[in-house]
Amino acid sequence: MGILVSAGKWANVLSTARAVTVSPAADALYPASALYDGVPGKEGAWAATAANDYVKADLDIATNGDMEGTFPGSGWSNASTGTGATAQSNTYAKAGTYSGRVTGGASGEGIYRFTKVLRTGFRYRLSVWGRRTTSATGKVRVYNAETRRYLQTSGGTWSSGSADVATSSVSSFTEMTVNFTVEGFYVCGSRDTVTIQIDLANSANEFYYFDEFRLWPEIDFISVHGHNADALMAPQFRSSTDDFSASDVLEATMTVRRPAFYSKLGSAITKRYVMLKFTTVNSRGPIRIGELFCGQYLAASEKTSASFGTMAVTVENRQAVNGYQAFPFQSDPIVTIDVPLKAFAATGFAEIRDEIVARSEGSRYPLVLVYDTIDDADLVVMGRLASVFGYSRRLKEIREMTLRVESLPFATVVA
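These numbers were taken from a predicted model, which means no experiment stands behind them.

Caption draft 1: Summary view of the overall build of the protein chain. For the protein chain, the helix and strand inventory stands at one helix and 33 strands. Taking 22 Å as the expected radius of gyration for a compact globule of 415 residues, we find that the protein chain reaches 24 Å, a close match to that expectation. Overall size of the protein chain, expressed as C-alpha extent along the three principal axes, is 85 × 60 × 30 Å. With 415 residues in all, the protein chain has 50% of them scored as buried. Summarising the internal contacts of the protein chain: among those between residues at least 6 apart in sequence, 76% fall at separations of at least 24.

Caption draft 2: Broad picture of empty space enclosed by the protein. Tallied over the full model, the rule gives two cavities of 30 Å³ or more. In this structure, the largest cavity encloses a volume near 40 Å³. At the level of elements, strand S4 (53-58), strand S22 (273-278) and strand S23 (288-295) are the ones that each hand at least two residues to the lining of the largest cavity. Taken together, the residues of the lining of the largest cavity sort by class into 10 nonpolar, no polar and one charged.

Caption draft 3: Summary view of the pattern of salt bridges. Tallying each qualifying case throughout the model produces 23 salt bridges. For Glu361, the salt bridge goes to Arg364, with nearest N and O atoms at 2.9 Å. Looking at Arg364, the relative accessible area reads 54%, which means it is exposed. What you see here is one network of salt bridges that share partners, running through Arg18, Asp60, Glu212 and Arg214.

Caption draft 4: Quick peek at the nonpolar core. Core analysis: the largest hydrophobic core is formed by 64 residues, its most contacted members being Leu126, Phe180, Phe213, Leu215 and Ile219. Among the elements that take part in this core, strand S17 (residues 208-217) stands out by supplying five residues, more than any other. Beyond its immediate stretch of four places on either side in the chain, Phe213 contacts Ala62, Gly65, Met67, Trp76, Phe114, Leu126, Ser127, Val128, Ile198 and Leu200. Among the nonpolar cores identified, the runner-up in size contains 21 residues, and Val5, Val335, Ile337 and Leu367 belong to it.

Caption draft 5: Structural view of helix H1 (residues 346-360). An ideal rise of 1.5 Å per residue puts 21 Å on 15 residues; H1 measures up with 20 Å between its terminal C-alpha atoms. The sharpest bend along H1 reaches about 25 degrees and sits at Asp354. Residues of H1 that are buried include every one of Gly348, Phe349, Ala350, Glu351, Ile352, Asp354, Ile356, Val357, Arg359 and Ser360, and no others. Remark: Glu361 follows H1 within two positions and exhibits a positive phi of approximately 50 degrees.

Caption draft 6: Quick look at the sheet that holds strand S8 (residues 99-103). In space, the five strands of this open sheet follow the order S7-S8-S17-S10-S15, with antiparallel pairing throughout. In this open sheet, the two strands that pair with only one neighbour each are strand S7 (85-89) and strand S15 (174-181). Across the sheet, the mean angle separating the axes of adjacent strands is 30 degrees when strand polarity is ignored. As paired elements, strand S10 (residues 123-132) and S17 share eight bridges and run antiparallel to each other. By the bridge assignment for S17, Ser127 is matched with Arg214.

Caption draft 7: Up close: the sheet that holds strand S19 (residues 236-240). The strand order S2-S4-S22-S19-S20 describes an open sheet built from five strands, whose pairing is antiparallel. Strand pairing shows two members of the sheet lacking a second neighbour, strand S2 (19-23) and strand S20 (249-253), which therefore form its edges. The sheet shows a mean angle of 20 degrees between the axes of neighbouring strands, taken without regard to direction. With five bridges joining them, S19 and S22 adopt antiparallel strand pairing. Bridging across to S22, Ser239 finds its partner in Val274.

Caption draft 8: Quick peek at the pairing of S17. Of all the 10 residues making up S17, 10 are buried; the element is thus mostly covered by neighbouring parts of the structure. In the sheet, S8 pairs with S17 via three bridges, with the strands oriented antiparallel. Residue pairing in the sheet places Arg101 in a bridge with Tyr209 of S17.

Caption draft 9: Molecular detail of the environment of Asn205. By the element assignment, Asn205 lies in the loop between strand S16 (193-202) and S17. Of the residues examined, Asn205 reaches a relative accessible area of 58% and is grouped as exposed. It is 48 Å that separates the C-alpha atoms of Asn205 and Leu276, two residues lying 71 residues apart in sequence. Aside from chain neighbours lying at most four places away, what touches Asn205 is Thr103, Gly105 and Ala106.

Caption draft 10: The arrangement of the packing of aromatic side chains in detail. One pass over the structure, following the stated rule, counts 16 aromatic pairs. Geometrically, the ring pair formed by Trp158 and Phe180 is edge-to-face, given 6.5 Å between the ring centres and 70 degrees between the ring planes. Placement of the pair is Trp158 in strand S13 (residues 158-159) and Phe180 in strand S15, with a sequence separation of 22 residues. Through a chain of ring-to-ring contacts, the aromatic side chains of Phe71, Trp76, Tyr112, Phe114 and Phe213 assemble into a single cluster. Over the ring of Phe207 we find Arg101, and its NZ or CZ is 4.0 Å from the ring centre. Lying over the aromatic face of Tyr92, Arg131 brings its terminal NZ or CZ to 3.6 Å of the ring centre.

Caption draft 11: Structural view of the pairing of strand S29 (residues 334-343). Judged by how many residues are buried, S29 sits mostly within the fold: 10 of 10 residues are covered. Across eight bridges, S29 lies against strand S33 (residues 398-407) in antiparallel orientation. Note that in S33 the partner of Asp338 across the bridge is Arg404.

Caption draft 12: Representation of the side chain of Arg399 in the model. With respect to the secondary-structure elements, Arg399 resides in strand S33. Those residues in contact with Arg399 that sit more than four places away from it in its chain are Leu341, Lys342, Ala343, Ala345, Ala346, Phe349, Tyr391, Ser392 and Arg393.

Cut-offs and rules
Counting restarts for each chain, with residues numbered from 1 along the sequence as it is written. This being a predicted model, a pLDDT of at least 70 is required before a residue's local features are given, and a value of 80 or more before pairs of side-chain atoms are given or counted; all residues contribute to the totals for chains, interfaces and linings. Side-chain measures here rest on the full set of heavy atoms in the structure, leaving out hydrogens and waters. Put simply, DSSP H or I for four residues or longer makes a helix, DSSP E for two residues or longer makes a strand, and each gets a number counted from the N terminus. Atoms counted for the radius of gyration: C-alpha only. Globule rule: 2.2 Å times residue count to the power 0.38. Residue burial is assigned from relative accessible area. The probe radius is 1.4 Å, only protein chains are included, and a residue is buried under 20% of its type maximum, exposed over 50%, and partly exposed in between. By definition, residues are in contact when any of their heavy atoms lie within 4.5 Å. The definitions used throughout rest on a 1 Å grid laid over the protein atoms alone, on which a cavity is an enclosed set of points accommodating a 1.4 Å probe that cannot get out and a pocket is an open set flanked by protein within 12 Å on both sides along at least five of seven lines; lining residues are those having an atom within 4 Å of a point. Grid points are joined across faces, edges and corners, and a volume is the space filled by probe spheres set on the points. In this classification, the charged set is Asp, Glu, Lys and Arg, the nonpolar set is Ala, Val, Leu, Ile, Met, Phe, Trp, Tyr, Cys and Pro, and all remaining amino acids, among them Gly, are polar. Each reported salt bridge corresponds to a side-chain nitrogen of Lys or Arg within 4 Å of a carboxyl oxygen of Asp or Glu. We call a set of buried Ala, Val, Leu, Ile, Met, Phe, Trp, Tyr and Cys residues a nonpolar core when their side-chain atoms join them within 4.5 Å. Multiplying one less than the number of residues by 1.5 Å gives the expected span of a helix. Two axes are fitted around each residue, one to the seven residues ending there and one to the seven starting there, and the angle between them is reported as the bend at that residue. Strands qualify as paired when DSSP identifies two bridges or more between them. Interaxial angles span 0 to 180 degrees and are taken between N-to-C directions of axes, which are lines fitted to C-alpha atoms, for helices over the stretch in contact. For Phe, Tyr and Trp, where Trp contributes only its six-membered ring, two rings pair if their centres lie within 6.5 Å, and the inter-plane angle classes them as stacked under 30 degrees, edge-to-face over 60, or tilted in between. Charges are assigned to positions over rings by a cutoff of 6 Å between ring centre and Lys NZ or Arg CZ, combined with an angular limit of 35 degrees from the ring normal.

Quick look at the structure:
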């Protein structure tokens, strides 16, 4: 029996997305922002019932990446060395009117630096377009300000030596991409987030132009918590590289369950745009969702077992009862799960301690937990850990513990 967990401040990548939109329109009283606010009891809803309703997200988290308007602006700085220089330019542009121009001058390096706080252990994709004038080479570097180490190759390791993880010296705009995983929670001093610096550089004594800088997280897990979707609706989770113009890929067809359901993707989505689409008309009226969660899951390591002991699931329909009537407090029950875990090595215990308990800061941030088995395929809970965490130690390495997760309440019944 295995568990999947996604925990931490920005575990739901929709909470950091550039834009989340509902089509054809959101109900004014239940805006799209309620879909990813960490509170399933606050619903987001569509204004009317129609086929092909969807909620769509642009996952880009870069500010001023189009290099238009007042650039560099928020998140950007000039980090040039020696005679290096940077400037906004309208000579060339991949899109819009402007790009960011860098030159090394006679003896230096022109550097535009983008600084962003990212989640430790999270996977991201970086994209930037660049072009040379004569013989300049555009360079991309990624630096962790917490550990003072550089990413060495796209998708690679981190070390103290500076490294160019992407380069281009083409005379027309060419895309440079970098997939990378931020160094882990423990390596980064038990921090859920760290400051990452991304340099766009050129050391040649001529101009190089960068444009359309984008940065976004990957997704390999989707769940829906609290909803009114028809049982056989089969929502589709889709992805796109161009905001669903020519690119539109079906990633998963989900099976509706109450009060929640999920899909674990076979491979992570690295595309910038994602969509949850309802292809048929909902017989229960306009679609309503308490929480739409998109993120990256942690699967308990092979050194951790969730199969020993007894898993306890409590289903509670909270209500006020008097001699005449019962008044339910929400449409769906509160589910509490006691997860027995056994860590057979110190690394397995550290994973539970760091990636689940510490990232959640006890019960401060909600987490999503799934029993990823055939028997419990519909058991997915968005809730909070109990405020107390403890374990017992067996022999030298073995530790036994129980994680208690109580689901957050869903929308309140008013009629």
